[in-house]
Structures are given as structure tokens and as C-alpha cells.
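# Residue-level structure breakdown
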Amino acid sequence: MRIDIPEGAEPIPYVWGDMVPRIGHAASVFSMSVYEYSTLGLREFEAARLRIAQINGCLFCLDWRTEREGEEKVDAGFLDAVAQWRTTDAFDERTRLAAEYAERYAVDHLNLDDEFWDRMKAHYTQAEIVELSMSIGSWLAFGRLNHVLGLDSVCVLPSAQSS
């Protein structure tokens, strides 16, 4: 951990809320909005989110699985499929493109060429592309922030606390 956290304080709420309350609050609202208002299908949403988690190395993000009312979480093998997005037979084209876009956005954004955009536009609406772009930006920034500061190594998922 690279930031000192007072005894008994929860790391993310302390860093995001107590240390920089105005910026942290705005960041938190944006981050939560990505989950609350997404119109993307859960599999493409999770493929992009988990690919960013893999690239960032964020332990908390790698453990997290998004839940939505009326939808099942992605299955246990989904994380491995995301790592193999180029060759897995577990993905439809939208899910594969979401993982590809997340990876290229994070590590090669200057080479998103016309061929890539033609494929994206064949499977996603303009609004979905903007939504996916904003979501990926959120995960990239905040997952990386948590990992760089070491917060991801001390945060525990609520389900893990009760085990």
C-alpha cells in the first residue's frame, strides 16, 4: 500500500472520500453511473471490464463480477475466455469486439484504424460505442489508480468478508 490509511478506515472510501472529497465524489458518481445506467449487454460489458482489469492488474477488479437484476453473473470460465478473446469460441462478435476494443483502447489507442471502426459500427450503435468508450475510460483510470496506489490489494469483496 502506497498511501497511509488510518487504523479502522476502509481504504477506498478513505482515499476517494476523505482525502480528496470533491474529486473523489465526482469520480465515484461517474464510476457508479457506468454500472447503474449501462445499456450494454452483460457479457460485452464484462468482457471489456475484465480485459481492462487484466491489463491494469487490479486484483479487486479481477475478483469483481457485475450483477444485474434479472441477469446471471458471467460464468467462472469467463475471465479465462477474456484473456483468450482472439481465439475463444465462448464469445459472439459483440463480446469479442468489446474485449478487443478494451485492449486496444488501453495499450494501442493510436492505432484504432478504419477497419476496426468499420467492424465496431457493424455491431454497435453510435451511442453504444460512446457508452463503451466512457466505460472503458472509467475502468482504465480508476482500476489503474487503485492498483498504482495499492488499494486493490487491501480491498475485500463483501462476499469474501462473510466467508
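Below is a summary of the structure that appears in this document. Just so we're clear, the structure is a prediction, and the values are computed from it rather than from any experiment. (Residues numbered from 1 in each chain as written. Predicted model: local features only at pLDDT ≥ 70, side-chain atom pairs only at ≥ 80, totals over all residues. Heavy atoms only, no water.)

## Points about the packing of aromatic side chains
Under the counting rule described, the total for this entry stands at 10 aromatic pairs. With a centroid separation of 6.3 Å and an interplanar angle of 75°, the aromatic rings of Phe-30 and Phe-142 are classed as edge-to-face. Of the two residues, Phe-30 is situated in helix H2 (residues 21–36) and Phe-142 in helix H8 (residues 126–148); the sequence distance between them amounts to 112 residues. Looking at Phe-30, the relative accessible area reads 34%, which means it is partly exposed. Pairing Phe-45 with Trp-139 gives two aromatic rings, centres 4.9 Å apart and planes at 90°, and the pair type is edge-to-face. One end of the pair, Phe-45, is in helix H3 (residues 42–56); the other, Trp-139, is in helix H8, and 94 residues separate them in sequence. The exposure class assigned to Trp-139 is buried, which follows from its relative accessible area of 6%. Over the ring of Phe-45 we find Arg-68; its NZ or CZ atom is 4.9 Å from the centre of that ring. (Phe/Tyr/Trp six-rings, centres within 6.5 Å; stacked < 30°, edge-to-face > 60°. Helix = DSSP H or I, 4+ residues; strand = E, 2+ residues; numbered from the N terminus. Buried < 20%, exposed > 50% of the residue type's maximum accessible area, 1.4 Å probe, protein only. Lys NZ or Arg CZ within 6 Å of the ring centre and 35° of its normal.)

## Concerning the environment of Arg-43
Along the chain, Arg-43 falls in helix H3. Assessed through its relative accessible area of 33%, Arg-43 is described here as partly exposed. Along the sequence, Arg-43 and Phe-78 sit 35 residues apart, while their C-alpha atoms lie 8.9 Å from each other. If we ignore the near neighbours within four places in the chain, the residues touching Arg-43 are Val-74, Asp-75, Phe-78, Ala-90, Phe-91 and Thr-95. (Contact = heavy atoms within 4.5 Å.)

## Side note on the nonpolar core
The biggest cluster of nonpolar side chains holds 28 residues, and the ones touching the most others in it are Met-120, Tyr-124, Leu-132 and Ile-136. Of all elements in the fold, only H3, helix H5 (78–83), helix H6 (93–107), helix H7 (114–123) and H8 reach the threshold of two or more residues within this core. A total of 6 residues in this core trace back to one element, the largest contributor, which is H6. Every residue in contact with Ile-136, bar those within four places of it in the chain, is listed here: Ala-48, Ile-52, Tyr-101, Ala-102 and Tyr-105. (Core = buried A, V, L, I, M, F, W, Y, C linked by side-chain atoms within 4.5 Å.)

## Here's the deal with a nonpolar patch on the surface
A cluster of nonpolar side chains, Met-19, Val-20 and Ile-23, forms an exposed patch at the surface whose accessible area comes to about 280 Å². Turning to its location among the elements, Met-19 is positioned in helix H1 (residues 11–19). The exposure class assigned to Met-19 is partly exposed, which follows from its relative accessible area of 41%. (Patch = residues over 30% accessible without salt bridge, like charges linked within 9 Å, V, L, I, M, F, W, Y side chains within 5 Å. Areas by Shrake-Rupley, 256 points an atom, 1.4 Å probe, with all protein chains shown as cover. Salt bridge = Lys/Arg side-chain N within 4 Å of Asp/Glu carboxyl O.)

## A word on the pattern of salt bridges
In this structure the tally under the stated criterion is 10 salt bridges. Among the salt bridges present, the one from Glu-103 reaches Arg-51, with a minimum N-O distance of 2.8 Å. Here the residue Glu-103 occupies a position in helix H6, and Arg-51 occupies one in helix H3, the gap between them amounting to 52 residues. Accessibility classification places Glu-103 together with Arg-51 in one group, the buried group. Among the salt bridges present, the one from Arg-104 reaches Glu-100, with a minimum N-O distance of 3.2 Å.

## A look at the packing of H7 against H8
Orientation of H7 relative to H8, taken along the N-to-C sense of each, is 115°, at an axis distance of 8 Å. With respect to their mutual orientation, H7 and H8 come out roughly perpendicular. You can see that H7 and H8 cross each other, and the crossing is right-handed. Packed against H7, whose contacting residues are Trp-117, Met-120, Lys-121 and His-123, the element H8 presents Gln-126, Glu-128, Ile-129 and Leu-132 at the interface. (Axes fitted to C-alpha atoms, helices over the stretch in contact; angles between N-to-C directions. Parallel < 35°, antiparallel > 145°, perpendicular 65-115°, else oblique. Left-handed = near helix turned anticlockwise from the far one by under 90°.)

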